[in-house]
Amino acid sequence: MKIPSSIWTLLIGIVLTLVSLWYGQNHGLLPTAASDEAVLVDGLFNAMMIISTGIFLIVEGVLIYAAIKYRRRPGDDKDGPPVEGNVPLEILWTAIPAIIVIGISVYSFEVYNDIGGFDPHAIHEAPITQNMSMNMPGAAIAATLNDTPPSTEPNLNQQKSDEAMQDPATAAVRNADQIPQKQNAPGVGVVSPTIGRSPEKAGQSPALAINVTGLQYAWIFTYPETGITTGEMHVPIGREVQINMTANDVIHAFWVPEFRLKQDAIPGRQSEIRFTPNKEGDYALICAELCGPYHGAMRAPIVVEKQEAFDKWLQEQQVASRETLNQAVALNPADLSPNEFLAPYTKDMGIQPEMLHQIHK
Ligand code: CUA
(Lines give C-alpha, C1' and ligand atoms only; values in the text may rest on other atoms or scores of the structure.)
Protein backbone atom coordinates (compact mmCIF):
# COMPACT_ATOMS: atom_id res chain seq x y z
CA MET A 1 0.00 0.00 0.00
CA LYS A 2 1.33 3.43 -0.92
CA ILE A 3 0.84 6.15 1.69
CA PRO A 4 -0.34 9.41 0.05
CA SER A 5 2.02 12.40 0.35
CA SER A 6 -0.55 14.47 2.26
CA ILE A 7 -0.55 11.88 5.05
CA TRP A 8 3.26 11.94 5.08
CA THR A 9 3.24 15.74 5.34
CA LEU A 10 0.77 15.60 8.21
CA LEU A 11 2.78 12.94 10.08
CA ILE A 12 6.06 14.80 9.60
CA GLY A 13 4.34 18.01 10.73
CA ILE A 14 3.09 16.38 13.94
CA VAL A 15 6.49 14.86 14.74
CA LEU A 16 8.29 18.17 14.06
CA THR A 17 5.86 20.06 16.29
CA LEU A 18 6.24 17.58 19.14
CA VAL A 19 10.05 17.54 18.89
CA SER A 20 10.17 21.36 18.75
CA LEU A 21 7.83 21.72 21.72
CA TRP A 22 9.85 19.26 23.77
CA TYR A 23 13.28 20.65 22.91
CA GLY A 24 12.14 24.27 23.34
CA GLN A 25 11.47 23.53 26.99
CA ASN A 26 14.29 21.10 27.69
CA HIS A 27 17.26 22.73 26.02
CA GLY A 28 19.17 23.21 29.28
CA LEU A 29 20.89 26.34 27.95
CA LEU A 30 19.88 28.70 30.75
CA PRO A 31 21.16 28.85 34.34
CA THR A 32 18.78 28.51 37.29
CA ALA A 33 15.89 30.95 37.21
CA ALA A 34 16.10 32.69 40.58
CA SER A 35 13.68 35.61 40.27
CA ASP A 36 10.03 36.20 39.37
CA GLU A 37 11.23 38.13 36.33
CA ALA A 38 13.41 35.23 35.18
CA VAL A 39 10.35 33.03 34.69
CA LEU A 40 8.84 35.55 32.25
CA VAL A 41 12.08 35.99 30.34
CA ASP A 42 12.50 32.22 30.11
CA GLY A 43 8.96 31.89 28.72
CA LEU A 44 9.93 34.22 25.88
CA PHE A 45 13.25 32.47 25.32
CA ASN A 46 11.58 29.06 25.24
CA ALA A 47 8.95 30.26 22.76
CA MET A 48 11.70 31.48 20.45
CA MET A 49 13.57 28.22 20.97
CA ILE A 50 10.46 26.19 19.94
CA ILE A 51 10.06 28.23 16.76
CA SER A 52 13.77 28.08 15.91
CA THR A 53 13.91 24.33 16.48
CA GLY A 54 10.95 23.84 14.14
CA ILE A 55 12.48 26.03 11.42
CA PHE A 56 15.89 24.39 11.83
CA LEU A 57 14.42 20.89 11.46
CA ILE A 58 12.31 21.85 8.40
CA VAL A 59 15.19 23.58 6.62
CA GLU A 60 17.82 20.94 7.42
CA GLY A 61 15.34 18.11 6.78
CA VAL A 62 14.43 19.37 3.30
CA LEU A 63 18.10 20.03 2.55
CA ILE A 64 19.23 16.53 3.50
CA TYR A 65 16.22 14.90 1.82
CA ALA A 66 16.82 16.80 -1.43
CA ALA A 67 20.57 16.14 -1.39
CA ILE A 68 19.95 12.41 -1.17
CA LYS A 69 16.85 12.08 -3.38
CA TYR A 70 18.05 14.33 -6.22
CA ARG A 71 21.74 13.46 -6.17
CA ARG A 72 23.50 12.94 -9.47
CA ARG A 73 23.24 9.31 -10.59
CA PRO A 74 26.11 7.60 -12.47
CA GLY A 75 26.00 8.39 -16.17
CA ASP A 76 23.57 11.31 -15.75
CA ASP A 77 25.16 14.33 -17.45
CA LYS A 78 21.94 16.29 -18.20
CA ASP A 79 21.14 19.73 -16.76
CA GLY A 80 18.48 19.94 -14.07
CA PRO A 81 14.98 21.27 -14.97
CA PRO A 82 14.91 25.11 -15.17
CA VAL A 83 12.67 26.04 -12.23
CA GLU A 84 11.93 29.76 -12.01
CA GLY A 85 9.62 31.56 -9.61
CA ASN A 86 6.60 30.33 -7.67
CA VAL A 87 4.40 33.19 -6.49
CA PRO A 88 2.24 31.33 -3.94
CA LEU A 89 5.36 29.77 -2.38
CA GLU A 90 7.11 33.15 -2.20
CA ILE A 91 4.08 34.75 -0.55
CA LEU A 92 3.98 31.91 1.94
CA TRP A 93 7.63 32.12 2.92
CA THR A 94 7.39 35.88 3.33
CA ALA A 95 4.16 35.78 5.31
CA ILE A 96 5.19 33.08 7.80
CA PRO A 97 8.39 34.83 9.01
CA ALA A 98 6.55 38.17 9.14
CA ILE A 99 3.87 36.66 11.39
CA ILE A 100 6.52 35.01 13.57
CA VAL A 101 8.53 38.24 13.97
CA ILE A 102 5.43 40.32 14.79
CA GLY A 103 4.28 37.66 17.27
CA ILE A 104 7.65 37.60 19.02
CA SER A 105 7.82 41.40 19.20
CA VAL A 106 4.35 41.62 20.76
CA TYR A 107 5.26 38.89 23.23
CA SER A 108 8.58 40.53 24.15
CA PHE A 109 6.90 43.92 24.70
CA GLU A 110 4.48 42.15 26.97
CA VAL A 111 7.31 40.58 29.00
CA TYR A 112 9.19 43.88 29.16
CA ASN A 113 6.06 45.58 30.45
CA ASP A 114 5.47 42.82 33.01
CA ILE A 115 8.94 43.19 34.47
CA GLY A 116 8.47 46.96 34.74
CA GLY A 117 10.35 48.20 31.70
CA PHE A 118 7.60 50.71 30.88
CA ASP A 119 7.04 51.96 34.43
CA PRO A 120 5.54 55.38 33.62
CA HIS A 121 6.34 56.81 37.07
CA ALA A 122 10.02 56.13 36.81
CA ILE A 123 10.98 59.28 34.94
CA HIS A 124 8.83 61.54 37.14
CA GLU A 125 10.38 60.05 40.23
CA ALA A 126 13.86 60.88 39.07
CA PRO A 127 13.87 64.60 39.72
CA ILE A 128 16.01 67.06 37.80
CA THR A 129 18.43 68.52 40.30
CA GLN A 130 19.23 72.18 40.71
CA ASN A 131 22.73 71.39 39.62
CA MET A 132 21.53 69.96 36.34
CA SER A 133 19.26 72.87 35.47
CA MET A 134 22.13 75.27 36.08
CA ASN A 135 24.41 73.34 33.76
CA MET A 136 21.99 73.14 30.87
CA PRO A 137 21.64 76.39 28.96
CA GLY A 138 17.99 77.27 28.42
CA ALA A 139 16.81 74.78 31.01
CA ALA A 140 16.38 77.29 33.82
CA ILE A 141 12.88 78.40 32.78
CA ALA A 142 11.73 74.86 32.26
CA ALA A 143 13.01 73.98 35.70
CA THR A 144 11.12 76.79 37.46
CA LEU A 145 7.88 75.87 35.70
CA ASN A 146 8.31 72.25 36.56
CA ASP A 147 5.80 71.23 39.21
CA THR A 148 8.15 68.58 40.53
CA PRO A 149 10.38 70.34 43.06
CA PRO A 150 14.08 69.50 42.97
CA SER A 151 14.94 66.68 45.30
CA THR A 152 16.38 67.78 48.62
CA GLU A 153 16.72 64.26 49.94
CA PRO A 154 20.28 63.13 50.52
CA ASN A 155 21.28 60.61 47.95
CA LEU A 156 23.40 58.10 49.78
CA ASN A 157 24.44 56.36 46.62
CA GLN A 158 25.93 59.46 45.05
CA GLN A 159 27.40 60.47 48.39
CA LYS A 160 29.25 57.15 48.73
CA SER A 161 30.41 57.42 45.17
CA ASP A 162 31.73 60.95 45.79
CA GLU A 163 33.44 59.84 49.00
CA ALA A 164 35.26 57.11 47.15
CA MET A 165 36.39 59.63 44.55
CA GLN A 166 37.68 62.02 47.21
CA ASP A 167 40.07 59.40 48.49
CA PRO A 168 43.24 60.68 46.75
CA ALA A 169 44.55 57.19 46.08
CA THR A 170 41.32 56.11 44.41
CA ALA A 171 41.05 59.29 42.41
CA ALA A 172 44.65 59.02 41.21
CA VAL A 173 44.21 55.43 40.12
CA ARG A 174 40.99 56.27 38.32
CA ASN A 175 42.20 59.50 36.67
CA ALA A 176 39.22 61.25 38.23
CA ASP A 177 40.04 64.65 36.76
CA GLN A 178 40.04 63.18 33.28
CA ILE A 179 36.46 61.97 33.44
CA PRO A 180 34.32 64.90 32.31
CA GLN A 181 30.98 63.12 32.79
CA LYS A 182 31.79 62.66 36.44
CA GLN A 183 32.74 66.28 37.07
CA ASN A 184 29.68 67.94 35.58
CA ALA A 185 27.14 65.24 36.02
CA PRO A 186 23.99 65.85 38.02
CA GLY A 187 23.50 63.87 41.21
CA VAL A 188 20.36 62.05 40.27
CA GLY A 189 17.76 61.97 37.66
CA VAL A 190 17.44 63.05 34.06
CA VAL A 191 16.54 60.22 31.80
CA SER A 192 18.11 57.25 33.47
CA PRO A 193 17.58 53.69 32.38
CA THR A 194 15.01 52.09 34.59
CA ILE A 195 13.45 48.71 35.01
CA GLY A 196 10.77 49.77 37.44
CA ARG A 197 7.90 48.13 39.20
CA SER A 198 5.73 45.71 37.31
CA PRO A 199 2.16 46.92 36.64
CA GLU A 200 0.73 44.50 39.20
CA LYS A 201 2.98 46.02 41.87
CA ALA A 202 2.10 49.61 40.89
CA GLY A 203 1.90 51.87 43.90
CA GLN A 204 3.90 49.57 46.14
CA SER A 205 7.31 50.66 47.22
CA PRO A 206 9.95 47.95 47.17
CA ALA A 207 10.58 46.05 50.37
CA LEU A 208 14.29 46.65 50.29
CA ALA A 209 16.48 49.25 48.60
CA ILE A 210 20.15 48.67 47.95
CA ASN A 211 22.57 51.21 46.51
CA VAL A 212 25.17 49.78 44.19
CA THR A 213 28.24 51.58 42.93
CA GLY A 214 30.38 50.17 40.16
CA LEU A 215 34.01 51.19 39.92
CA GLN A 216 37.02 49.78 38.15
CA TYR A 217 36.98 46.88 39.13
CA ALA A 218 34.60 46.22 41.98
CA TRP A 219 31.03 46.55 43.16
CA ILE A 220 30.18 48.34 46.40
CA PHE A 221 26.82 47.73 48.08
CA THR A 222 25.25 50.11 50.57
CA TYR A 223 22.10 49.38 52.53
CA PRO A 224 20.58 52.83 53.09
CA GLU A 225 18.31 51.74 55.96
CA THR A 226 21.21 50.48 58.07
CA GLY A 227 24.06 52.38 56.45
CA ILE A 228 26.27 49.32 56.07
CA THR A 229 28.68 49.04 53.17
CA THR A 230 29.76 45.65 51.86
CA GLY A 231 31.41 43.88 48.98
CA GLU A 232 28.73 41.22 48.67
CA MET A 233 25.02 41.55 48.23
CA HIS A 234 22.58 39.65 50.40
CA VAL A 235 18.85 39.72 49.67
CA PRO A 236 15.96 37.98 51.38
CA ILE A 237 13.90 35.55 49.37
CA GLY A 238 10.46 36.59 48.10
CA ARG A 239 10.75 40.34 48.73
CA GLU A 240 10.98 42.91 45.98
CA VAL A 241 14.38 44.59 45.86
CA GLN A 242 15.18 47.88 44.24
CA ILE A 243 18.74 48.51 43.13
CA ASN A 244 19.80 52.12 42.69
CA MET A 245 23.05 52.10 40.84
CA THR A 246 25.67 54.50 39.71
CA ALA A 247 29.30 54.32 38.65
CA ASN A 248 32.40 56.19 39.71
CA ASP A 249 34.47 56.14 36.57
CA VAL A 250 33.14 54.49 33.44
CA ILE A 251 29.99 52.64 32.44
CA HIS A 252 29.58 49.25 34.07
CA ALA A 253 26.59 46.94 33.86
CA PHE A 254 24.79 45.11 36.63
CA TRP A 255 24.07 41.62 35.41
CA VAL A 256 22.94 38.57 37.35
CA PRO A 257 22.31 35.80 34.83
CA GLU A 258 20.10 33.89 37.29
CA PHE A 259 17.79 36.92 37.62
CA ARG A 260 17.81 37.44 33.80
CA LEU A 261 18.17 41.19 34.31
CA LYS A 262 20.80 43.63 33.21
CA GLN A 263 21.15 47.36 33.73
CA ASP A 264 23.86 49.91 32.97
CA ALA A 265 25.55 51.71 35.85
CA ILE A 266 26.44 55.14 34.52
CA PRO A 267 28.75 57.76 36.09
CA GLY A 268 26.77 60.69 37.43
CA ARG A 269 23.37 59.12 36.89
CA GLN A 270 21.27 56.83 38.93
CA SER A 271 19.74 53.92 37.11
CA GLU A 272 17.38 51.46 38.70
CA ILE A 273 16.37 47.89 38.51
CA ARG A 274 13.74 46.00 40.48
CA PHE A 275 13.32 42.30 40.96
CA THR A 276 11.98 39.69 43.33
CA PRO A 277 14.43 36.87 44.07
CA ASN A 278 12.58 33.59 44.54
CA LYS A 279 15.21 30.90 44.89
CA GLU A 280 17.77 30.52 47.64
CA GLY A 281 21.37 30.24 46.55
CA ASP A 282 24.74 31.82 45.81
CA TYR A 283 24.92 33.69 42.55
CA ALA A 284 27.32 36.15 40.98
CA LEU A 285 26.94 39.74 39.93
CA ILE A 286 28.94 40.05 36.73
CA CYS A 287 29.93 43.31 35.08
CA ALA A 288 28.49 43.17 31.56
CA GLU A 289 30.07 46.26 30.04
CA LEU A 290 33.67 46.25 28.85
CA CYS A 291 35.11 48.70 31.37
CA GLY A 292 38.87 48.17 31.22
CA PRO A 293 41.59 45.52 31.32
CA TYR A 294 40.20 43.78 34.43
CA HIS A 295 36.56 43.90 33.34
CA GLY A 296 36.51 40.11 33.31
CA ALA A 297 37.36 39.98 37.01
CA MET A 298 34.67 42.44 38.07
CA ARG A 299 32.35 40.15 39.95
CA ALA A 300 30.66 40.15 43.33
CA PRO A 301 28.87 37.41 45.24
CA ILE A 302 25.08 37.59 45.57
CA VAL A 303 23.35 35.57 48.25
CA VAL A 304 19.62 34.94 48.22
CA GLU A 305 18.62 33.64 51.63
CA LYS A 306 15.73 33.26 54.06
CA GLN A 307 14.56 36.37 55.89
CA GLU A 308 16.04 35.17 59.23
CA ALA A 309 19.45 34.48 57.68
CA PHE A 310 19.33 37.86 55.97
CA ASP A 311 18.47 39.68 59.22
CA LYS A 312 21.31 37.86 60.97
CA TRP A 313 23.77 38.84 58.25
CA LEU A 314 22.59 42.45 58.39
CA GLN A 315 23.18 42.51 62.15
CA GLU A 316 26.65 41.00 61.79
CA GLN A 317 27.51 43.63 59.22
CA GLN A 318 26.34 46.40 61.53
CA VAL A 319 28.43 45.02 64.38
CA ALA A 320 31.42 44.63 62.07
CA SER A 321 31.20 48.22 60.87
CA ARG A 322 30.99 49.45 64.50
CA GLU A 323 34.04 47.40 65.45
CA THR A 324 35.99 48.90 62.60
CA LEU A 325 35.20 52.35 63.98
CA ASN A 326 36.45 51.41 67.46
CA GLN A 327 39.66 50.01 66.05
CA ALA A 328 40.24 53.18 64.12
CA VAL A 329 40.14 55.15 67.38
CA ALA A 330 42.47 52.73 69.16
CA LEU A 331 45.01 53.03 66.38
CA ASN A 332 45.55 56.70 67.13
CA PRO A 333 46.70 56.66 70.78
CA ALA A 334 48.85 59.74 70.32
CA ASP A 335 45.76 61.94 70.22
CA LEU A 336 44.27 60.49 73.40
CA SER A 337 44.85 61.21 77.06
CA PRO A 338 45.85 58.11 79.11
CA ASN A 339 42.36 58.03 80.61
CA GLU A 340 40.67 58.08 77.25
CA PHE A 341 43.08 55.54 75.88
CA LEU A 342 42.55 53.14 78.76
CA ALA A 343 38.82 53.71 79.06
CA PRO A 344 37.66 50.70 77.01
CA TYR A 345 40.02 48.36 78.90
CA THR A 346 39.42 49.69 82.42
CA LYS A 347 35.69 49.51 81.82
CA ASP A 348 36.01 45.83 80.98
CA MET A 349 38.11 45.27 84.12
CA GLY A 350 35.58 47.02 86.34
CA ILE A 351 37.93 49.90 87.18
CA GLN A 352 36.35 53.31 87.67
CA PRO A 353 38.04 56.34 86.03
CA GLU A 354 38.37 57.94 89.51
CA MET A 355 40.39 54.97 90.73
CA LEU A 356 42.74 55.30 87.81
CA HIS A 357 43.18 58.95 88.60
CA GLN A 358 44.15 58.08 92.16
CA ILE A 359 46.82 55.64 91.03
CA HIS A 360 48.26 58.17 88.64
CA LYS A 361 48.81 60.62 91.48
CU1 CUA B 1 32.95 46.98 35.09
CU2 CUA B 1 33.16 45.69 33.16
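The paragraphs below set out a description of the structure included in this document.

Calculation criteria
Residues numbered from 1 in each chain as written. Predicted model: local features only at pLDDT ≥ 70, side-chain atom pairs only at ≥ 80, totals over all residues. Heavy atoms only, no water. Helix = DSSP H or I, 4+ residues; strand = E, 2+ residues; numbered from the N terminus. Buried < 20%, exposed > 50% of the residue type's maximum accessible area, 1.4 Å probe, protein only. Contact = heavy atoms within 4.5 Å. Areas by Shrake-Rupley, 256 points an atom, 1.4 Å probe, with all protein chains shown as cover. Pairing = 2+ DSSP bridges. Polar contact = N/O pair within 3.5 Å; in protein donor to acceptor, adjacent residues only side chain to side chain. Axes fitted to C-alpha atoms, helices over the stretch in contact; angles between N-to-C directions. Patch = residues over 30% accessible without salt bridge, like charges linked within 9 Å, V, L, I, M, F, W, Y side chains within 5 Å. Salt bridge = Lys/Arg side-chain N within 4 Å of Asp/Glu carboxyl O. Lys, Arg positive; Asp, Glu negative; His and termini not counted. Charge placed at Lys NZ, Arg CZ, Asp CG, Glu CD. Expected span 1.5 Å × (residues − 1). Parallel < 35°, antiparallel > 145°, perpendicular 65-115°, else oblique. Left-handed = near helix turned anticlockwise from the far one by under 90°. Phe/Tyr/Trp six-rings, centres within 6.5 Å; stacked < 30°, edge-to-face > 60°. Lys NZ or Arg CZ within 6 Å of the ring centre and 35° of its normal.

## Structural notes on the overall build of the protein
Right, so step 1: Counting its regular elements, the protein contains twelve helices and eleven strands.
Right, so step 2: Within the span of the protein, comprising 361 residues, buried residues form 32% of the whole.
Right, so step 3: Counting contacts in the protein only where the partners sit at least 6 residues apart, residues at least 24 apart contribute 69% of the total.
Right, so step 4: Surface accessibility of the protein: about 22,700 Å² in total, with carbon and sulfur atoms responsible for 63%.

## Description of the pairing of strand 3 (residues 218-223)
Right, so step 1: Bridge analysis of strand 2 (residues 208-215) against strand 3 gives five bridges, and the strand direction is antiparallel. From the neighbouring strand, V212 faces strand 3, where its bridge partner is F221.
Right, so step 2: The turn joining strand 2 and strand 3, which pair antiparallel and follow one another in sequence, is formed by two residues.
Right, so step 3: Here three bridges tie strand 3 to strand 4 (residues 228-230), and the two strands are oriented antiparallel to one another.

## Structural notes on the side chain of H295
Right, so step 1: Here H295 lies in the loop between strand 10 (281-287) and strand 11 (299-305).
Right, so step 2: The class of H295 is buried, set by a relative accessible area of 19%.
Right, so step 3: Among the polar contacts made by the side chain of H295, one reaches the main-chain carbonyl oxygen of E289 at a distance of 2.9 Å.

## Digging into the sheet that holds strand 11
Think of a sheet as strands paired side by side through backbone hydrogen bonds, with each pair either parallel or antiparallel.
Right, so step 1: One open sheet holds the five strands; their spatial order is 5-11-10-7-8, and the pairing between them is mixed. With partners counted over all chains shown, the strands left at the sheet margins are strand 5 (233-236) and strand 8 (261-265), one partner each. When the angles between neighbouring strand axes are averaged without regard to direction, this sheet yields 25°.
Right, so step 2: Taken together, the four bridges between strand 5 and strand 11 define a ladder with parallel strand orientation. Its bridge partner lying in strand 11, V235 is registered against V304.

## Some thoughts on a nonpolar patch on the surface
Right, so step 1: Residues M1, I3, I7, W8, L11 and I12 make up a contiguous nonpolar surface patch of about 670 Å² in total accessible area.
Right, so step 2: With respect to the secondary-structure elements, I7 resides in helix 1 (residues 5-25).

## Some thoughts on a positive patch on the surface
Right, so step 1: On the surface, K2, K69, R71 and R73 cluster together into a positively charged patch.
Right, so step 2: You can see R71 is positioned in the loop between helix 2 (36-69) and helix 3 (87-114).
Right, so step 3: With a relative accessible area of 46%, R71 lands in the partly exposed category.

## Let's talk about helix 2
Right, so step 1: An ideal rise of 1.5 Å per residue puts 50 Å on 34 residues; helix 2 measures up with 50 Å between its terminal C-alpha atoms.
Right, so step 2: Restricting attention to buried positions, one finds in helix 2 the residues E37, A38, D42, L44, N46, M49, T53 and G54.

## Quick word on the pattern of salt bridges
Between side chains of opposite charge, pairing is possible as soon as their charged atoms come close.
Right, so step 1: Tallied over the full model, the rule gives six salt bridges.
Right, so step 2: With a shortest N-O distance of 3.4 Å, D77 and R72 are connected by a salt bridge. Taken as a pair, D77 and R72 share a single burial class, namely exposed.
Right, so step 3: Notably, a salt bridge pairs E316 with K312, separated by 3.6 Å at the nearest N-O pair. In this pair, E316 and K312 are both assigned in helix 10 (residues 307-330), four residues apart and thus about one turn of the helix distant.

## Re the packing of helix 2 against helix 3
Right, so step 1: Between helix 2 and helix 3, the least distance of the axes is 9 Å, while the angle of their chain directions is 165°. As far as their axial angle goes, helix 3 and helix 2 are roughly antiparallel. Once helix 2 is placed against helix 3, the crossing between them reads as left-handed. Across from L40, V41, G43, L44, A47, M48, I51 and I55 in helix 2, the residues of helix 3 making contact are I100, I104, Y107, S108, V111 and D114.

## Points about the packing of aromatic side chains
Right, so step 1: Across all of its chains, the model carries seven aromatic pairs by this definition.
Right, so step 2: Residues F259 and Y283 carry aromatic rings whose centres are separated by 5.9 Å and whose planes lie at 65° to one another, so their mutual orientation is edge-to-face. Here F259 is found in the loop between strand 7 (252-256) and strand 8, whereas its partner Y283 is found in strand 10, with 24 residues between them in sequence. Take F259 and Y283: they sit in the same class, and that class is buried.
Right, so step 3: In this structure an aromatic cluster arises from ring pairing among Y223, F310 and W313.
Right, so step 4: The positively charged end of K262 is found above the aromatic ring belonging to W255, 5.1 Å away from the centroid.

## Concerning unusual backbone geometry
Right, so step 1: Following Q216, the chain continues into Y217 via a peptide bond in cis, with omega recorded as 5°.
Right, so step 2: Of note, Y217 is situated in the loop between strand 2 and strand 3.
Right, so step 3: For R260, which is not glycine, the phi dihedral falls at a positive 60°.
Right, so step 4: Relative to the helices and strands, R260 resides in the loop between strand 7 and strand 8.

## Remarks on the environment of T226
Right, so step 1: Looking at the secondary structure, you find T226 in the loop between strand 3 and strand 4.
Right, so step 2: Assessed through its relative accessible area of 29%, T226 is described here as partly exposed.
Right, so step 3: Expressed as a C-alpha distance, the spacing of T226 and Q315, which sit 89 residues apart in the sequence, is 9.2 Å.

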